[in-house]
Amino acid sequence: MSKGRKPPVNESRRKFLVRSMQAVGISILGGVVWGAFVKENTYDPLAIRPPGALPGDDFLKKCIKCGLCVEACANRPTVPYKNGKKMITLRLASPGDNKPLGTPYFIPRDVPCYMCEDIPCVVACPTGALEPDLVSSLVDGKKSLDINKARMGVAVIDHKNCIAFWGLQCDACYRACPLLDEAIYIVPSRNPRTGKHAFMVPQVDPDHCTGCGLCEHACVTEKAAIFVLPREVALGKAGKHYLKGWEEHQEINGYEPQEEKKEKGKSPESYLNSEDLLNE
Amino acid sequence: MSKEEKKGFLHYLYKHRFLMGRRLTQVSIMLLYIGGNIYGWNILKGNLSSSKLFDVIPLADPFAVLQMFFAGAIVAVDALIGAGIILLFYALIGGRAFCSWVCPMNMITDFANWLRVKTNIHREEWQLRITRKTRYLAIAMALTLSLILGMPAFEFVSPISILHRGLIFGMGLGWTMVLAIFLFDLFVIKNGWCGHVCPLGGFYSLVSKPSLIRVDYDYGKCTECMECVKICPESQVLHMVGKHSSLVSSGECINCGRCVEVCNDDAIYFSLRFLEKSKEAVSHEGK
Ligand code: SF4
Ligand code: SF4
Ligand code: SF4
Ligand code: SF4
Ligand code: SF4
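Just so it is clear, the structure is predicted and the values come from calculations on it, not from any experiment.

(A) Up close: the overall build of chain B. Counting its regular elements, chain B contains 13 helices and six strands. Computed over the C-alpha atoms, the radius of gyration of chain B is 20 Å, within 12% of the 19 Å expected from 2.2 N^0.38 for a compact globule of 287 residues. With the C-alpha coordinates aligned to their principal axes, the bounding extent of chain B is approximately 60 × 45 × 40 Å. A sequence separation of at least 24 residues applies to 72% of the contacts in chain B between residues at least 6 apart. Looking at chain B as shown, the accessible area adds up to about 13500 Å², and 69% of this sits on carbon and sulfur atoms. Computed over 29 positive and 22 negative side-chain charges, the inter-centroid distance for chain B is 2 Å.

(B) Seen up close, the overall build of chain A. A count of helical and extended segments in chain A gives nine helices and 10 strands. Across the 280 residues that make up chain A, the buried fraction comes to 42%.

(C) Fine view of the sheet that holds strand β1 (residues 44-47) of chain B. Residue and element names in this part refer to chain B. In space, the three strands of this open sheet follow the order β1-β2-β3, with antiparallel pairing throughout. What marks the edges here is a single partner per strand, and that holds for β1 and β3 (57-60). Neighbour-to-neighbour, the strand axes of this sheet turn through a mean angle of 15°, independent of strand direction. The sheet contact formed by β1 and strand β2 (residues 50-53) spans four bridges and is antiparallel. Counted as the bridge partner of Asn47 is Ser50 from β2. Most of the contacts of helix α4 (residues 77-94) go to β3, to which it runs at about 75°, and overall it touches β2 and β3.

(D) Spotlight on the interface of chain B and chain A. Counting from both sides, the interface comprises 48 residues of chain B and, opposite them, 35 residues of chain A. When the two sides are added together, the surface that chain B and chain A hide from each other amounts to roughly 3200 Å², 69% of it contributed by carbon and sulfur. For the interface between chain B and chain A, the tally reads zero salt bridges. Summed over the shared surface of chain B and chain A, the number is 10 residue pairs in polar contact (both at pLDDT 80 or more). Put simply, the parts of the chain that give the side of chain B that touches chain A at least two residues each are α2 (17-38), β1, β2, α3 (62-71), α4, α7 (134-149) and α8 (159-169) of chain B. Here the element with the most residues in the side of chain B that touches chain A is α7(B); it accounts for six residues. In terms of residue class, the side of chain B that touches chain A is made up of 30 nonpolar, 13 polar and five charged.

(E) View of the site of ligand 1. For ligand 1, the full set of nearby residues is A:Pro51, A:Cys73, A:Arg76, A:Thr89, A:Leu90, A:Cys113, A:Tyr114, A:Cys116, A:Pro120 and A:Cys121. For the shell around ligand 1, the class distribution of residues is eight nonpolar, one polar and one charged.

(F) Inspection of the nonpolar core at higher detail. If you look at the biggest cluster of nonpolar residues, it comprises 70 residues, and the most contacted ones within it are A:Trp34 and B:Phe98. When residues in this core are grouped by element, the largest group, six residues, is from α7(B). In this view, B:Phe98 contacts B:Leu48, B:Tyr90, B:Cys103, B:Leu200 and B:Tyr204; residues no more than four positions away in its chain are not counted. One finds B:Tyr219, B:Cys232, B:Leu238 and B:Cys263 within the second-largest nonpolar core, a separate group that totals 19 residues.

(G) Here's a closer look at the packing of α2(B) against helix α6 (residues 105-118) of chain B. All names here are of chain B. Interhelical geometry of α2 versus α6 gives an angle of 140° and a closest axis separation of 10 Å. Considering their axes alone, α2 and α6 lie oblique with respect to each other. The residues of α6 that touch α2, namely those facing Arg22, Arg23, Gln26 and Val27, are Asn106, Met107 and Asp110. Here the residues of the contact of α2 with α6 are counted per class, giving two nonpolar, two polar and three charged.

(H) Geometry of the packing of aromatic side chains. Residue and element names in this part refer to chain B. Applying the stated criterion across every chain yields a total of 12 aromatic pairs over all chains. Aromatic side chains Phe18 and Phe270 sit 5.0 Å apart centroid to centroid with 85° between the ring planes, which places their arrangement in the edge-to-face category. Of the two residues, Phe18 sits in helix α2 while Phe270 sits in strand β6 (residues 268-272), which places them 252 residues apart along the sequence. Using a relative accessible area of 19% as the deciding quantity, one classes Phe18 as buried. Exposure remark for Phe270: the relative accessible area of 26% places this residue in the partly exposed category. Taking the centre distance of 5.1 Å and the plane angle of 70° together, the rings of Tyr90 and Tyr204 count as edge-to-face.

(I) Region of the structure containing the pattern of salt bridges. Summed over the entire model, instances satisfying the criterion amount to 13 salt bridges over all chains. Here A:Asp110 ties to A:Arg91 by a salt bridge, and the two come within 3.1 Å at their closest N and O atoms. You can see A:Asp110 sitting in the loop between β4 (104-105) and α4 (120-124) and its partner A:Arg91 sitting in strand β3 (residues 91-92), a full 19 residues away along the chain. Taking the relative accessible area as the measure of exposure, A:Asp110 reaches 37% and is therefore partly exposed. In this structure A:Arg91 comes out as partly exposed when scored by relative accessible area, which is 28%. The salt bridge involving B:Arg135 is made with B:Glu234; its shortest N-O contact spans 2.9 Å. Within this pair, whereas B:Arg135 is found in helix α7, its partner B:Glu234 is found in the loop between α12 (227-231) and β5 (246-247), the two being separated by 99 residues in sequence. Each member of the pair B:Arg135 and B:Glu234 is classed as buried. Here the salt bridges share partners, and the residues they tie into one network are B:Arg96, B:Arg132, B:Arg135, B:Glu234 and B:Glu252.

(J) α7(B), seen in detail. All names here are of chain B. Taking 1.5 Å per residue as the helical rise, α7 with its 16 residues ought to reach 22 Å, and the 22 Å between its terminal C-alpha atoms agrees with that figure. Of all the positions in α7, only Arg135, Ala138, Ile139, Met141, Ala142, Leu143, Leu145, Ser146 and Leu149 are classed as buried. Directly after α7, the chain includes Gly150, whose backbone phi takes a positive value near 65°.

(K) Representation of the environment of B:Asn264 within the structure. Residue and element names in this part refer to chain B. Relative to the helices and strands, Asn264 is located in the loop between α13 (258-262) and β6. The exposed category is assigned to Asn264, whose relative accessible area is 61%. Here the side chain of Asn264 touches Lys15 through a polar contact of 2.8 Å, side chain to side chain.

Conventions and cut-offs
- Residues numbered from 1 in each chain as written.
- Chains lettered and ligands numbered in written order.
- Predicted model: local features only at pLDDT ≥ 70, side-chain atom pairs only at ≥ 80, totals over all residues.
- Heavy atoms only, no water.
- Helix = DSSP H or I, 4+ residues; strand = E, 2+ residues; numbered from the N terminus.
- Rg over C-alpha atoms; globule rule 2.2 N^0.38 Å.
- Contact = heavy atoms within 4.5 Å.
- Areas by Shrake-Rupley, 256 points an atom, 1.4 Å probe, with all protein chains shown as cover.
- Lys, Arg positive; Asp, Glu negative; His and termini not counted.
- Charge placed at Lys NZ, Arg CZ, Asp CG, Glu CD.
- Buried < 20%, exposed > 50% of the residue type's maximum accessible area, 1.4 Å probe, protein only.
- Pairing = 2+ DSSP bridges.
- Axes fitted to C-alpha atoms, helices over the stretch in contact; angles between N-to-C directions.
- Buried area = accessible area lost by both parts, 1.4 Å probe.
- Salt bridge = Lys/Arg side-chain N within 4 Å of Asp/Glu carboxyl O.
- Polar contact = N/O pair within 3.5 Å; in protein donor to acceptor, adjacent residues only side chain to side chain.
- Nonpolar A, V, L, I, M, F, W, Y, C, P; charged D, E, K, R; others polar.
- Near = heavy atom within 4 Å.
- Core = buried A, V, L, I, M, F, W, Y, C linked by side-chain atoms within 4.5 Å.
- Parallel < 35°, antiparallel > 145°, perpendicular 65-115°, else oblique.
- Phe/Tyr/Trp six-rings, centres within 6.5 Å; stacked < 30°, edge-to-face > 60°.
- Expected span 1.5 Å × (residues − 1).

Structural data, given as C-alpha cells:
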C-alpha cells in the first residue's frame, strides 16, 4: 500500500477477514484464560464474610472491593488491642490469600467479629453487598440495626477434641459467646467413668448462632475444637418430607408445611436461602 | 548555586511543571487513602474502586459499576451516585486525566517507558506490534465475561486495583502482577499496558471525548521539531502536528501535558474546548 497502489479489492477484503479472525482468536484464547481465572478465584465456599453479607455469588457480584467496610472495622472506637497492635477483624483479600481478590473476609481464630451494635462495616458499604436489611429487626415498627441477626456462619464443635467432652472443666467458648445460653448452652450429664463427676459439654444452637467466632477465638485447645463454618457448608437440610408434626405450625396436610411459606424472609435463617433478596 | 545554575534549575522545574504536579497529585491521593485506612482520616476513604470524600460524597469507578450491571447486580444508590460523579467529571471536564493524574499504575508504566528510552531498549523495529484498539477489545471481553460469569470480570483481575488496593490494604503477592506490567512495558511494547491494553484507560478514552479541558495545537507557531509527538504516550492523538492547527480531539489523550512542557515554541498548550483560538492560517512553505 505504501507504494501508492491500491490493493485489489479481494486482497483487502482477505486482509480484513484475516485481521478479524485474529481478533476473534485472541479474544477466545484470552477470554477462556481470563474467565477460568475468575471462576477459580471466586470459588471459595469457606470464606467467612462480614455481617449482613449477601449469600454466595450475590455478594461477589455486588462487592466493589473498596475496603470501606474494612476501614470502618479498623477505625471503630471499640477496637481492642493486643500487644499494642490493633485487633482488626476484617481484611481485604490480596493476591496470595487464596480468597476472591479484594473482597472482605475474616479469620475468627485470629480476630473474631466483636458484634458492634452499630455495625459500622455494614453502614459503610456503598454497594449493598453488605445489606442492612439482613441485620435489622423491627423495633416499634421501625427498622433498626440488630447485630444478633447476623449469620456470618455457624459454630461447629469437634466432639473428639473439645476437652469438655473428656470430662475436663472448660467453658471458655460458652463464656465468650455474646448470646450466652442462646447460641451456646451447657448440657450436663453423668460421667460414667468416674461415677461422681459430671460432663458439662457445650452445644451450639444454629438458630441463634451468628458466626461471630468469639468462641473459636477463645477456645483453649491448640487448634480450636469449636470453629465457625459458613452455614451452607455446615448445616444439613431435612427436606420437606420430614415434618415436625408435633409443632403447632407444621400441620401435616400433603407435603407442604403452610406456615413456612408465609414466614419466608422473616425468620432469621430463611433469608439465606431466599433467592429474591435483590428484589426486596 | 550560581545564577546560571539557579536559572537552569528553575527552567528544569518549568519544563516539568505538569509532570511534577501529576506525581504530587498521584502520590497525595494514595497517601490520603492510606491515612484513611490506618489513621481514620476522613478526607478520602476506601480506594479507587469506590471511596468516600470528606465522609459524605460517594465516589465510584464507573467501569466497575458498569460491569456489575452486566453481571446482573443492582447496586445501591451510593455507588451509583459515586459512579455518576466520577463519570461526569471526566467526561465533561477532565478528559482522560484519571490516567495521568490519579492512577498509580501510571507511575510504574511511565518509569518503564523512561527506562526504555534511556537505556536504548526502544527500537521501532524491535517492537511487538499490536493495535492500540486492543483496549476496546478488552472492554468488550470484560463486559461479555461479566455477563456470562455473573461476576464483574475485570475487577477480579485488574492490576490497577491490585496495585492501589495493595498500597492501601497490603500488597500480598500483588507485586508480581505489577512487575509483570512493568516488564511488559519495558521490554515488549512501548506504552504497552496503558496505551494499548488497559480496558479502564480504554473506557475513559471512550467516555471523555467531549471533555472541556483539551490540548490545543497552533500550526502557525510550530517549528516542526516533533518533540511533542516523540514524548506523547498516545502519539497517535497528535496526528495533526506539522499539518494543521486543531484541538486534540481524541479521547485517548490523557491530558498529561508532556507535549506542552517540551514545546519550546508555545505551539501546543492546554485550552478549553470553546476557547479554541482562531489561528492564522499559515503555510510552512513560506517560512
Ligand atoms: S460488626 Fe464485626 S466486622 Fe463489623 S465492624 Fe464490628 S467487629 Fe468489625
Ligand atoms: S464496603 Fe461493601 S463493596 Fe466495599 S469492600 Fe466492603 S463489602 Fe465490598
Ligand atoms: S460463633 Fe460462637 S460465640 Fe459467636 S454466636 Fe455462635 S456460638 Fe456464640
Ligand atoms: S491506562 Fe489503565 S493503568 Fe494506565 S493510567 Fe490509565 S487506568 Fe491506569
Ligand atoms: S497529546 Fe499531550 S497531553 Fe495528550 S497524551 Fe499526548 S503528551 Fe499527553
